[in-house]
Amino acid sequence: MIDLDVQKFFDEVPWDLIVKAVQAVTDASWVLLYVKRWLAAPLQHPDGSLEQRSRGTPQGSAVSPVLANLFMHYAFDSWMVREFPGCPWERYADDGVVHCKSRPQAELVLGRIAARMNEVGLRLHPDKTRIVYCKDGQRRAEHEHVSFTFLGYAFRARGARSKGRNFTGFLPAISPEALKAKSARLRELRIHRRTDLSLDDLARWLNPIVSGWINYYGRFYRSALNPLLRRVNAYVRRWAGRKYKRLRTQKRYGRWLTGLLSRQPGLFAHWRLERSY
(Lines give C-alpha, C1' and ligand atoms only; values in the text may rest on other atoms or scores of the structure.)
Protein backbone atom coordinates (compact mmCIF):
# COMPACT_ATOMS: atom_id res chain seq x y z
CA MET A 1 0.00 0.00 0.00
CA ILE A 2 1.25 3.50 -0.85
CA ASP A 3 0.10 6.28 1.46
CA LEU A 4 0.25 9.48 -0.62
CA ASP A 5 0.32 13.11 0.47
CA VAL A 6 0.98 16.05 -1.85
CA GLN A 7 3.11 18.66 -0.10
CA LYS A 8 1.54 22.13 0.19
CA PHE A 9 -0.98 21.34 -2.53
CA PHE A 10 -3.27 24.30 -1.82
CA ASP A 11 -0.25 26.66 -1.73
CA GLU A 12 1.57 25.46 -4.85
CA VAL A 13 -0.90 24.07 -7.40
CA PRO A 14 -0.36 25.97 -10.70
CA TRP A 15 -3.19 28.26 -11.79
CA ASP A 16 -2.81 27.62 -15.49
CA LEU A 17 -3.34 23.88 -15.05
CA ILE A 18 -6.38 24.42 -12.81
CA VAL A 19 -7.94 26.67 -15.46
CA LYS A 20 -7.10 24.08 -18.11
CA ALA A 21 -8.86 21.39 -16.05
CA VAL A 22 -11.95 23.60 -15.69
CA GLN A 23 -11.95 24.30 -19.43
CA ALA A 24 -12.00 20.56 -20.06
CA VAL A 25 -15.39 20.23 -18.36
CA THR A 26 -17.15 23.49 -19.24
CA ASP A 27 -17.13 26.23 -21.85
CA ALA A 28 -19.22 28.61 -19.73
CA SER A 29 -17.33 31.89 -19.76
CA TRP A 30 -18.78 33.06 -16.45
CA VAL A 31 -17.52 29.91 -14.68
CA LEU A 32 -13.99 30.48 -16.00
CA LEU A 33 -14.20 34.15 -15.02
CA TYR A 34 -15.10 33.39 -11.41
CA VAL A 35 -12.54 30.58 -11.10
CA LYS A 36 -9.82 32.98 -12.24
CA ARG A 37 -11.04 35.58 -9.75
CA TRP A 38 -11.10 33.05 -6.91
CA LEU A 39 -7.58 31.94 -7.71
CA ALA A 40 -6.22 35.50 -7.92
CA ALA A 41 -7.87 36.72 -4.71
CA PRO A 42 -5.12 38.03 -2.37
CA LEU A 43 -4.35 36.43 0.97
CA GLN A 44 -5.37 38.60 3.94
CA HIS A 45 -3.24 38.31 7.07
CA PRO A 46 -4.57 38.81 10.63
CA ASP A 47 -3.15 42.36 10.69
CA GLY A 48 -5.24 43.21 7.61
CA SER A 49 -2.37 43.32 5.14
CA LEU A 50 -2.87 41.70 1.74
CA GLU A 51 -0.45 39.33 0.03
CA GLN A 52 -0.67 38.81 -3.71
CA ARG A 53 -0.34 35.19 -4.83
CA SER A 54 0.81 33.62 -8.07
CA ARG A 55 -0.19 29.99 -7.45
CA GLY A 56 -2.32 27.88 -5.10
CA THR A 57 -6.00 28.05 -4.17
CA PRO A 58 -7.62 30.06 -1.35
CA GLN A 59 -7.59 27.78 1.71
CA GLY A 60 -10.85 27.71 3.62
CA SER A 61 -12.83 28.54 0.50
CA ALA A 62 -15.64 26.15 -0.38
CA VAL A 63 -14.45 26.07 -3.98
CA SER A 64 -10.89 24.92 -3.17
CA PRO A 65 -11.72 21.21 -2.60
CA VAL A 66 -13.81 21.23 -5.79
CA LEU A 67 -10.95 22.68 -7.83
CA ALA A 68 -8.46 20.32 -6.13
CA ASN A 69 -10.52 17.25 -7.02
CA LEU A 70 -11.00 18.45 -10.60
CA PHE A 71 -7.29 19.16 -11.00
CA MET A 72 -6.26 15.82 -9.51
CA HIS A 73 -8.76 14.00 -11.70
CA TYR A 74 -6.57 14.86 -14.68
CA ALA A 75 -3.20 15.05 -12.91
CA PHE A 76 -3.57 11.75 -11.02
CA ASP A 77 -6.80 9.78 -11.53
CA SER A 78 -6.83 9.59 -15.33
CA TRP A 79 -3.07 9.12 -15.38
CA MET A 80 -3.27 6.17 -12.98
CA VAL A 81 -5.96 4.52 -15.09
CA ARG A 82 -3.70 4.79 -18.15
CA GLU A 83 -0.37 3.89 -16.55
CA PHE A 84 -1.29 1.41 -13.80
CA PRO A 85 -4.71 -0.15 -14.52
CA GLY A 86 -3.88 -3.06 -12.20
CA CYS A 87 -3.40 -0.84 -9.12
CA PRO A 88 -6.66 0.21 -7.44
CA TRP A 89 -6.56 3.53 -5.59
CA GLU A 90 -8.68 5.93 -3.53
CA ARG A 91 -8.18 9.67 -3.33
CA TYR A 92 -9.75 12.81 -1.90
CA ALA A 93 -8.21 16.20 -2.78
CA ASP A 94 -4.47 15.88 -2.09
CA ASP A 95 -4.56 12.65 -0.03
CA GLY A 96 -4.73 9.15 -1.48
CA VAL A 97 -3.79 5.50 -1.17
CA VAL A 98 -2.69 3.07 -3.89
CA HIS A 99 -2.96 -0.71 -3.57
CA CYS A 100 0.04 -2.76 -4.71
CA LYS A 101 0.75 -6.49 -4.68
CA SER A 102 4.41 -6.34 -3.63
CA ARG A 103 7.05 -3.95 -2.33
CA PRO A 104 8.93 -3.82 -5.69
CA GLN A 105 5.70 -2.86 -7.42
CA ALA A 106 4.97 -0.23 -4.75
CA GLU A 107 8.45 1.28 -5.16
CA LEU A 108 8.03 1.42 -8.94
CA VAL A 109 4.58 3.01 -8.76
CA LEU A 110 5.66 5.49 -6.09
CA GLY A 111 8.62 6.61 -8.20
CA ARG A 112 6.38 7.14 -11.22
CA ILE A 113 3.81 9.06 -9.17
CA ALA A 114 6.52 11.33 -7.78
CA ALA A 115 7.69 12.06 -11.32
CA ARG A 116 4.11 12.70 -12.42
CA MET A 117 3.57 15.20 -9.60
CA ASN A 118 6.73 17.03 -10.66
CA GLU A 119 5.35 17.25 -14.20
CA VAL A 120 2.28 19.12 -12.93
CA GLY A 121 4.19 21.45 -10.62
CA LEU A 122 3.68 19.57 -7.35
CA ARG A 123 5.73 17.46 -4.92
CA LEU A 124 5.01 14.48 -2.73
CA HIS A 125 5.53 15.10 0.97
CA PRO A 126 8.80 13.32 1.89
CA ASP A 127 7.67 12.35 5.41
CA LYS A 128 3.94 11.73 4.97
CA THR A 129 4.29 9.72 1.74
CA ARG A 130 5.38 6.16 2.45
CA ILE A 131 4.98 2.49 1.62
CA VAL A 132 2.86 0.64 4.19
CA TYR A 133 2.77 -3.10 4.84
CA CYS A 134 -0.79 -4.21 5.65
CA LYS A 135 0.18 -6.53 8.47
CA ASP A 136 -2.50 -8.86 9.84
CA GLY A 137 -2.94 -12.46 10.97
CA GLN A 138 -1.85 -13.85 7.59
CA ARG A 139 0.70 -11.20 6.53
CA ARG A 140 3.25 -11.39 9.34
CA ALA A 141 6.45 -9.98 7.85
CA GLU A 142 8.24 -7.06 9.52
CA HIS A 143 8.13 -3.58 7.99
CA GLU A 144 8.92 -0.03 9.08
CA HIS A 145 5.36 1.18 8.47
CA VAL A 146 2.38 -1.05 9.27
CA SER A 147 -0.43 1.51 9.56
CA PHE A 148 -1.75 4.63 7.84
CA THR A 149 -4.46 7.26 8.27
CA PHE A 150 -6.89 8.23 5.53
CA LEU A 151 -9.98 10.47 5.76
CA GLY A 152 -10.10 10.32 9.55
CA TYR A 153 -9.69 6.54 9.76
CA ALA A 154 -6.62 4.74 11.08
CA PHE A 155 -5.92 1.48 9.23
CA ARG A 156 -3.89 -1.07 11.18
CA ALA A 157 -3.91 -4.61 12.56
CA ARG A 158 -6.85 -5.11 14.94
CA GLY A 159 -8.47 -8.01 16.68
CA ALA A 160 -11.81 -9.06 15.21
CA ARG A 161 -14.35 -11.85 15.36
CA SER A 162 -16.29 -13.48 12.54
CA LYS A 163 -18.35 -16.66 12.33
CA GLY A 164 -17.43 -17.62 15.88
CA ARG A 165 -13.67 -17.28 15.54
CA ASN A 166 -11.17 -14.62 16.55
CA PHE A 167 -8.60 -13.32 14.09
CA THR A 168 -6.36 -10.32 13.39
CA GLY A 169 -7.36 -8.22 10.40
CA PHE A 170 -6.10 -5.01 8.82
CA LEU A 171 -9.08 -2.86 9.70
CA PRO A 172 -10.11 0.82 9.86
CA ALA A 173 -11.36 2.69 12.93
CA ILE A 174 -11.58 6.33 13.96
CA SER A 175 -8.03 7.69 14.08
CA PRO A 176 -6.46 9.00 17.32
CA GLU A 177 -6.22 12.44 15.69
CA ALA A 178 -9.93 12.46 14.81
CA LEU A 179 -10.84 11.18 18.27
CA LYS A 180 -8.80 13.98 19.85
CA ALA A 181 -10.39 16.59 17.57
CA LYS A 182 -13.94 15.45 18.41
CA SER A 183 -13.10 15.42 22.11
CA ALA A 184 -11.87 19.00 21.78
CA ARG A 185 -15.13 19.86 20.02
CA LEU A 186 -17.06 18.44 22.98
CA ARG A 187 -15.10 20.70 25.34
CA GLU A 188 -15.89 23.70 23.15
CA LEU A 189 -19.62 22.94 23.36
CA ARG A 190 -19.51 23.32 27.18
CA ILE A 191 -22.49 21.02 27.48
CA HIS A 192 -22.47 21.03 31.28
CA ARG A 193 -23.05 24.80 31.32
CA ARG A 194 -26.15 24.75 29.09
CA THR A 195 -28.54 24.64 32.06
CA ASP A 196 -30.78 27.07 30.18
CA LEU A 197 -31.91 24.09 28.10
CA SER A 198 -34.45 21.47 29.10
CA LEU A 199 -33.49 17.81 28.81
CA ASP A 200 -35.39 17.47 25.54
CA ASP A 201 -33.81 20.66 24.17
CA LEU A 202 -30.37 19.39 25.16
CA ALA A 203 -31.00 16.16 23.24
CA ARG A 204 -32.26 18.05 20.17
CA TRP A 205 -29.15 20.23 20.24
CA LEU A 206 -26.64 17.39 20.67
CA ASN A 207 -28.18 14.64 18.56
CA PRO A 208 -27.37 16.06 15.09
CA ILE A 209 -23.73 16.54 16.12
CA VAL A 210 -23.25 13.14 17.74
CA SER A 211 -25.27 11.36 15.03
CA GLY A 212 -22.93 12.80 12.41
CA TRP A 213 -19.92 11.37 14.23
CA ILE A 214 -21.59 7.98 14.63
CA ASN A 215 -22.74 7.81 11.01
CA TYR A 216 -19.26 8.59 9.68
CA TYR A 217 -16.80 7.14 12.16
CA GLY A 218 -19.08 4.32 13.28
CA ARG A 219 -19.20 2.65 9.87
CA PHE A 220 -16.24 0.45 10.80
CA TYR A 221 -15.02 -0.85 14.17
CA ARG A 222 -17.68 1.10 16.00
CA SER A 223 -16.36 0.16 19.44
CA ALA A 224 -13.45 2.56 18.88
CA LEU A 225 -16.01 5.38 19.28
CA ASN A 226 -16.93 4.30 22.81
CA PRO A 227 -14.43 6.59 24.61
CA LEU A 228 -15.91 9.59 22.80
CA LEU A 229 -19.50 8.55 23.52
CA ARG A 230 -18.65 7.99 27.18
CA ARG A 231 -17.41 11.57 27.29
CA VAL A 232 -20.79 12.71 25.96
CA ASN A 233 -22.44 10.76 28.79
CA ALA A 234 -20.05 12.32 31.30
CA TYR A 235 -20.99 15.81 30.11
CA VAL A 236 -24.68 14.95 30.29
CA ARG A 237 -24.18 13.83 33.87
CA ARG A 238 -22.40 17.08 34.73
CA TRP A 239 -25.24 18.98 33.08
CA ALA A 240 -27.83 17.10 35.15
CA GLY A 241 -25.90 17.82 38.37
CA ARG A 242 -25.85 21.54 37.58
CA LYS A 243 -29.45 21.63 36.44
CA TYR A 244 -30.86 19.60 39.34
CA LYS A 245 -29.09 19.69 42.70
CA ARG A 246 -30.71 16.44 43.78
CA LEU A 247 -28.82 14.58 41.00
CA ARG A 248 -25.32 15.51 42.16
CA THR A 249 -24.72 12.20 43.93
CA GLN A 250 -23.85 9.05 42.01
CA LYS A 251 -26.67 7.04 43.55
CA ARG A 252 -29.42 9.52 42.77
CA TYR A 253 -28.14 10.20 39.28
CA GLY A 254 -27.96 6.46 38.57
CA ARG A 255 -31.54 5.98 39.71
CA TRP A 256 -32.72 8.93 37.62
CA LEU A 257 -30.84 7.70 34.53
CA THR A 258 -32.23 4.17 34.88
CA GLY A 259 -35.75 5.56 34.90
CA LEU A 260 -35.00 7.85 31.97
CA LEU A 261 -33.59 4.98 29.91
CA SER A 262 -36.71 2.94 30.52
CA ARG A 263 -39.01 5.82 29.58
CA GLN A 264 -37.04 7.36 26.71
CA PRO A 265 -34.37 4.89 25.53
CA GLY A 266 -33.80 6.82 22.30
CA LEU A 267 -33.64 10.33 23.78
CA PHE A 268 -29.94 10.71 22.95
CA ALA A 269 -28.69 9.36 19.63
CA HIS A 270 -25.64 7.64 21.12
CA TRP A 271 -27.54 5.69 23.78
CA ARG A 272 -28.18 2.87 21.36
CA LEU A 273 -24.40 2.29 21.32
CA GLU A 274 -23.05 3.43 24.68
CA ARG A 275 -25.02 3.93 27.92
CA SER A 276 -22.34 3.58 30.59
CA TYR A 277 -21.73 6.57 32.81
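Residues numbered from 1 in each chain as written. Predicted model: local features only at pLDDT ≥ 70, side-chain atom pairs only at ≥ 80, totals over all residues. Heavy atoms only, no water.

## Re the overall build of the protein chain
Turning to step 1, where the next piece is worked out: A tally of helices and strands in the protein chain yields nine helices and nine strands.
Turning to step 2, where the next piece is worked out: For the protein chain, whose C-alpha radius of gyration is 24 Å, the value lies well above the compact-globule estimate of 19 Å for 277 residues.
Turning to step 3, where the next piece is worked out: Along the first, second and third principal axes, the C-alpha atoms of the protein chain reach 70 × 55 × 35 Å.
Turning to step 4, where the next piece is worked out: Looking at the 277 residues of the protein chain, the share that counts as buried comes to 42%.
Turning to step 5, where the next piece is worked out: A fraction of 59% describes how many contacts in the protein chain between residues 6 or more apart in sequence connect residues 24 or more apart.
Turning to step 6, where the next piece is worked out: Accessible area for the protein chain stands at about 16,000 Å²; split by element, carbon and sulfur atoms hold 52% of it. (Helix = DSSP H or I, 4+ residues; strand = E, 2+ residues; numbered from the N terminus. Rg over C-alpha atoms; globule rule 2.2 N^0.38 Å. Buried < 20%, exposed > 50% of the residue type's maximum accessible area, 1.4 Å probe, protein only. Contact = heavy atoms within 4.5 Å. Areas by Shrake-Rupley, 256 points an atom, 1.4 Å probe, with all protein chains shown as cover.)

## Focus: helix α5 (residues 103-119)
Turning to step 1, where the next piece is worked out: With 17 residues, α5 should cover 24 Å at 1.5 Å per step; its first-to-last C-alpha distance of 24 Å lies within 8% of that length.
Turning to step 2, where the next piece is worked out: For α5, the complete set of buried residues consists of Ala 106, Val 109, Leu 110, Ile 113, Arg 116 and Met 117. The buried residues of α5 occupy an angular sector of 125° when projected down its axis, which confines them to one face. Relative to its buried face, α5 has exposed residues pointing more than 90 degrees away, namely Pro 104, Leu 108, Asn 118 and Glu 119.
Turning to step 3, where the next piece is worked out: For α5, the elements touching its buried residues are β1 (2-5), α4 (63-83), β5 (95-98) and β6 (130-131). (Expected span 1.5 Å × (residues − 1). Arc of directions from axis to C-beta.)

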